Structures are given as C-alpha cells and as structure tokens.
Amino acid sequence: MDYMTLKEAAGQWGVTPRRVNYYCAGGRIHGAVKMAGVWLIPKTAEKPIDGRTKQGKELNHE
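Starting from 1, residues in each chain are numbered consecutively following that chain's sequence as written. Confidence filtering applies because this is a predicted model: local features only for residues at pLDDT of at least 70, side-chain atom pairs given and counted only at 80 or more, and all residues used for totals across whole chains, interfaces and linings. Side-chain numbers here rest on the full set of heavy atoms in the structure, without hydrogens or water.

With that out of the way, let us pick up the sheet that holds strand S3 (residues 38-42). What makes two strands pair is DSSP finding at least two bridges between them. In this text, helices come from DSSP runs of H or I with a minimum length of four residues, and strands from runs of E with a minimum of two, each type numbered from the N-terminal end. Across the sheet, three strands lie side by side as S1-S3-S2; this open sheet has antiparallel pairing. With one partner strand each, in any of the chains shown, strand S1 (3-4) and strand S2 (33-35) form the two edges of the open sheet. The pairing of S2 with S3 spans three bridges and is antiparallel. For Val33, the partnering residue across the bridge sits in S3 and is Leu40.

This part takes up the environment of Ile49. Positionally, Ile49 belongs in the loop between S3 and helix H3 (54-60). Separated by 21 residues in sequence, Ile49 and Arg28 have C-alpha atoms that sit 9.1 Å apart.

Let us now look at the pairing of S3. Here S1 pairs with S3 via two bridges, running antiparallel. Looking at S3, one finds that Met4 is bridged to Ile41. A loop of two residues connects S2 with S3, the two strands running antiparallel in sequence, and Ala36 in this loop sits at a positive phi of about 55°.

The next point concerns the nonpolar core. For our purposes a nonpolar core is just a set of buried Ala, Val, Leu, Ile, Met, Phe, Trp, Tyr and Cys residues, chained together by side-chain atoms within 4.5 Å. When a residue's accessible area, from a 1.4 Å probe over protein chains only, is under 20% of the maximum for its type it is buried; when over 50% it is exposed; and in between it is partly exposed. Counting 13 residues, the largest nonpolar core has Trp13, Val20, Cys24, Ile29 and Ile41 as the members making the most contacts within it. Of all the secondary structure elements, the ones that give two or more residues to this core are helix H1 (6-13), helix H2 (17-25) and S3.

The criterion for an aromatic pair is that two Phe, Tyr or Trp rings (for Trp, the six-membered ring) have centres within 6.5 Å, with stacked assigned to planes under 30 degrees apart, edge-to-face to planes over 60 apart and tilted to the rest. Under the defined criterion, the tally for this structure stands at zero aromatic pairs. Above the ring of Tyr22, the side-chain terminus of Arg18 is found at 4.4 Å from the ring centroid. Criterion for a charge above a ring: Lys NZ or Arg CZ within 6 Å of the ring centre, and within 35 degrees of the ring normal.

As a further point, take H1. Within H1, the full set of buried residues consists of Leu6, Ala9, Ala10 and Trp13. Buried residues of H1 fall within an arc of 100° about the axis and therefore sit on the same side. Residues Lys7 and Gly11 are exposed on H1 and point more than 90 degrees away from its buried face. On its buried face, H1 sits against S1, H2 and S3. Looking one or two places after H1, you find Gly14, whose phi comes out positive at around 75°. Starting at the helix axis, one direction is taken to each C-beta atom, and the arc is that of these directions. Should any heavy atoms of two residues lie within 4.5 Å, those residues are considered in contact.

Laid out in structure tokens, this is it:
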C-alpha cells in the first residue's frame, strides 16, 4: 500500500499538518499508522468531515 506523510496529506486536503495529526491521533483516518513517531496515511484516504464548521455539524447529524 502506498502512504503519504502529514505534510503531503495537508497539502492535498487544504488543511494544516497539525489538523491532519489530530485526525490521525483521533482515529478518524482509516488505515493511518504511526511508525517510528511518524504518521503514515494511505494515499487513497479521504479527508474526514470537520465537525467544527456549520456544514460539518449538519453532515454529522444526518
């Protein structure tokens, strides 16, 4: 399986690397693994819904 780093995922999803780190630590990205202190995210992973926004809150309740 091909993986990408936090920085690559952040650029692809339009968020900060810190936000991607929160997603990984919270178990919100399926297939993400931590190896030697570095998160590896599958290249096929999709960005989780951001529950902090109004749109994300509406999607969470559906």
